[in-house]
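This is what each chain is made of:
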Amino acid sequence: MNNAKTISHYEDEEQLFFPDSSFSTRANIQNTQIYDSAWVDYKNYWMGEAQKLHWFKPWDKVLEWHSPFAQWFVNGKLNACYNCLDRHLEGWRRNKAAIIFEGELGDRQVWTYQDLHREVTRFANVLRGMGVNKGDTVTIYLPMIPEAVITMLACARIGAPHSVVFGGFSAGALRDRISDAESRVIITADGCWRRGKAIPLKSNVDEAISQCPTVEKVVVVQRTRVEVKMEPVRDVWYHEIMRKTPAGCQCEIMDAEDVLFILYTSGTTGKPKGIVHTTGGYLTGVASTHRNVFDLKEDDVYWCTADIGWITGHSYVVYGPLANGATILIFEGAPDYPGKDRFWEIIEKYRVSIFYTAPTAIRMFMKWGESWPQGRDLSSLRLLGSVGEPINPEAWHWYHKNIGRGRCPVVDTWWQTETGSIMVAPLPGITPVKPGSCTKPLPGVFVDVVDENGKPVVPGGSGYLVIKRPWPSMLRTVYKDPQRYIDTYWSRFAGMYFTGDGAKKDKHGYIWVRGRVDDIINVSGHRIGSAEVESALVEHPAVAEAAVIGRSHELKGQAVTAFVTLREGVIWATELEDDLKNHVAKRIGGLARPEEIIYAGELPKTRSGKIMRRLLRDIAEGRVMGDISTLADPSVISQLLERKIAI
Ligand code: WT7
């Protein structure tokens, strides 16, 4: 930990990369006027984007805004599954590959739109047969396999909101999410493949639902054939019930504002928030941005490496691309198995043309060295994307050179679970880019950087990233907790949505996102709430108090660092540190496992008793300490510094 290097954020505001004319003359968007016209009339702009979807009945009004509650495309009727499947069946697209799936062991499946439609309607009938009605939330806990897409779309077809829980979350985290959503049906798999080993999943479900009285049915996809306990009546095999169920299922006519899904994300309290997305606005946002930011063409092979358990998987693996009739690639496994060129092998094999991944992955590829991609034919690539955290300029250049071979535009896309779709990113045919900046807000989006008082910062200034007008794919509320929606997002600055990020606006109006200014830690592009890790730690019998911070980390962007004080009589030992780390991983999931736990005699607090996390971050990152005059007991710091050096 002592020699941890921090990521360099060297920014060159002058360095502009202009789109190559061979790209820009063929780009979907070539006219820079699009920015201005969308600024002038954003409702009209979004109406035009919504019209590219299939509606059973058009809307009466584009936007009804009772701040902070929005309704988009009021009284419009549509179905997300119909838009992703049925409407592509009319012409030749029905035989186009919708999904190319590569399993970890090298197995392969190709699903045409027709195939996908057949299986989705069949599974929709399975759900209806289980008594799932419009409005009932179904929890999906699956690995990256085609069934994840099939079951999500089947839910959308019958109007049952899905709540997808990332397969890396533990039984405890799964239980909290099932309970909050009150799901009666859970969809899972026996296990998943990871680096050649079968990892059990179903057993986590068993553990989770022993405390979830609402659960009546568990559908289990067979993937690894690891042994599972099947509870009679409650548990059914996916392949068996599918065999007995006919395909063909009428879709539910959904209101534009009916809920499409709930997705839980970490907040600043210990309890995860159920972010609520609705149908019409969400689908408009994801389809539009997917087409425009990735410059989607009919014959593209599009690969977003995100897991379906995150918003990136929802918006840019499933809904955006399928609404646009794209061919998506889904890969089950790890980037280094069996070799460190697995991703490049897949790109070569399927001639992937659009590739969307996270800076943390790029930094890992950098560490492995350029010989891995060099050995592969990556000439099919024409556009690269980045998401999840700020991309440091070194990683940007490496990606551009070694993966894009200097030919492909790189789009850095800023957005959040709450925004539903990309908010700030270049339009690759017209927007010059600066490595490290996500450039400017997309047409129809009003992102800005403001100071403490909500005033826009002057060019060159830094402040808080906000959104000043509603947008179609915005979250509508926090599930069962509208007050939390108001408090978290709409109370910091009057009339503006607060993102939780800090940012700088340069003299050209370009945005440079710095990262979270709240208690959320961004580990490898995944959000972990400090409070969640803290409450897991204090559950442990040895721990009295805990304070958790994110410190910068060379590969992960940020790493979880915990400071703990112990109960009377407990003695600090390496075994205890391991035990605490495992406890957090077991309670939340491997991604929340602290990188290090520092034993503190006492935690630094203000005189009013607030833990000073800023100071802890200074300590963890080995910085010169900031102002400690508000500290109740300054000697706490010198003790901590000694401890940290001892690690
Ligand atoms: C937070 C949202 C939806 C993207 C996946 C993560 C950070 C995301 C960028 C970017 C700088 C970024 C922000 C944001 N973030 N993309 N291109 N540049 N920061 O979704 O889990 O909801 O996290 O990720 O801090 O607030 P999420």
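Naming follows an unreviewed UniProt entry, where the protein appears as Acetyl-coenzyme A synthetase of Thermanaerosceptrum fracticalcis. The record in UniProt for the protein states the following under Catalytic activity (unreviewed entry): "acetate + ATP + CoA = acetyl-CoA + AMP + diphosphate". A UniProt comment under Cofactor (unreviewed entry) is attached to the protein, and it reads "Mg(2+)".

Even after reading the chapter, I still don't get the sheet that holds strand E22 (residues 462–467), so can you show me in this structure?
Picture the strands of a sheet paired through backbone hydrogen bonds; they go either parallel or antiparallel. Across the sheet, 4 strands lie side by side as E21-E22-E24-E25; this open sheet has antiparallel pairing. Of all strands in the sheet, those with a lone pairing partner are strand E21 (447–450) and strand E25 (511–516), marking the two edges. The mean inter-strand angle of the sheet, taken between neighbouring strand axes irrespective of direction, is 45°. With 5 bridges joining them, E22 and strand E24 (residues 497–505) adopt antiparallel strand pairing. When the bridges of E24 are listed, Gly-463 appears paired with Ala-503.

Mind showing me how you'd approach the site of the ligand here?
By nearness alone, 18 residues border the ligand, and Asp-412, Thr-413, Thr-417, Asp-501 and Arg-527 come closest of all. The contact in question runs from an oxygen atom of the ligand to an N or O atom on the side chain of Gln-416, over 2.9 Å. Protein contact buries 96% of the 560 Å² of open area that the ligand shows by itself. Looking at the shell around the ligand, the elements that each hand over two or more residues are helix H11 (311–323), strand E20 (410–413) and E25. Classifying every residue of the shell around the ligand by side-chain character gives 6 nonpolar, 7 polar and 5 charged.

How should I be thinking about the domain arrangement of the protein in this particular structure?
Bring the parts together and some accessible area is lost; that lost area is often taken as the interface size. Partitioning the protein into domains gives domain 1 (80–260) and domain 2 (524–646). Each partner contributes residues to the interface: domain 1 has 10 residues there, and domain 2 has 8 residues. In this structure, the salt-bridge partner of Glu-207 is Lys-586, at a minimum N-O distance of 3.3 Å. Along the contact surface separating domain 1 from domain 2 lie 5 residue pairs in polar contact (both at pLDDT 80 or more). Counted by class, the side of domain 1 that touches domain 2 contains 3 nonpolar, 3 polar and 4 charged residues.

Would you mind going over the environment of Ser-421 with me for this structure?
Looking at the element boundaries, Ser-421 is found in the loop between E20 and E21. Looking at Ser-421, the relative accessible area reads 1%, which means it is buried.

Mind showing me how you'd approach the state of the cysteines here?
Two cysteines, two sulfur atoms, one covalent bond between them: this is a disulfide. Summed over all chains, the structure comprises 0 disulfides. Left without a disulfide partner, Cys-212 is nearest to the cysteine sulfur of Cys-155, which lies 17 Å away.

Looking at this model, I keep getting lost on unusual backbone geometry. Mind explaining?
A negative phi angle is the norm for most residues apart from glycine, just as the trans form is the norm for most peptide bonds. Note the cis peptide between Ser-67 and Pro-68, where omega equals 0°. That bond from Tyr-337 to Pro-338 is cis: its omega, 0°, falls within 30 degrees of zero. Relative to the helices and strands, Pro-338 is located in the loop between strand E17 (327–331) and helix H12 (342–350). Positive phi values are uncommon outside glycine, yet Arg-195 reaches one of about 45°. Summarising the element assignment, Arg-195 is placed in the loop between strand E9 (191–194) and strand E10 (197–200). Positive phi outside glycine occurs at Ser-524, with the angle close to 50°. With respect to the helices, strands and loops of the structure, Ser-524 is situated in the loop between strand E26 (520–523) and strand E27 (526–529).

So, how was this worked out
Residues numbered from 1 in each chain as written. Predicted model: local features only at pLDDT ≥ 70, side-chain atom pairs only at ≥ 80, totals over all residues. Heavy atoms only, no water. UniProt positions renumbered as here; feature names shortened; annotations may be inferred. Pairing = 2+ DSSP bridges. Helix = DSSP H or I, 4+ residues; strand = E, 2+ residues; numbered from the N terminus. Axes fitted to C-alpha atoms, helices over the stretch in contact; angles between N-to-C directions. Near = heavy atom within 4 Å. Polar contact = N/O pair within 3.5 Å; in protein donor to acceptor, adjacent residues only side chain to side chain. Areas by Shrake-Rupley, 256 points an atom, 1.4 Å probe, with all protein chains shown as cover. Nonpolar A, V, L, I, M, F, W, Y, C, P; charged D, E, K, R; others polar. Domains from an automatic or database assignment. Contact = heavy atoms within 4.5 Å. Salt bridge = Lys/Arg side-chain N within 4 Å of Asp/Glu carboxyl O. Buried < 20%, exposed > 50% of the residue type's maximum accessible area, 1.4 Å probe, protein only. Disulfide = S-S within 2.5 Å.

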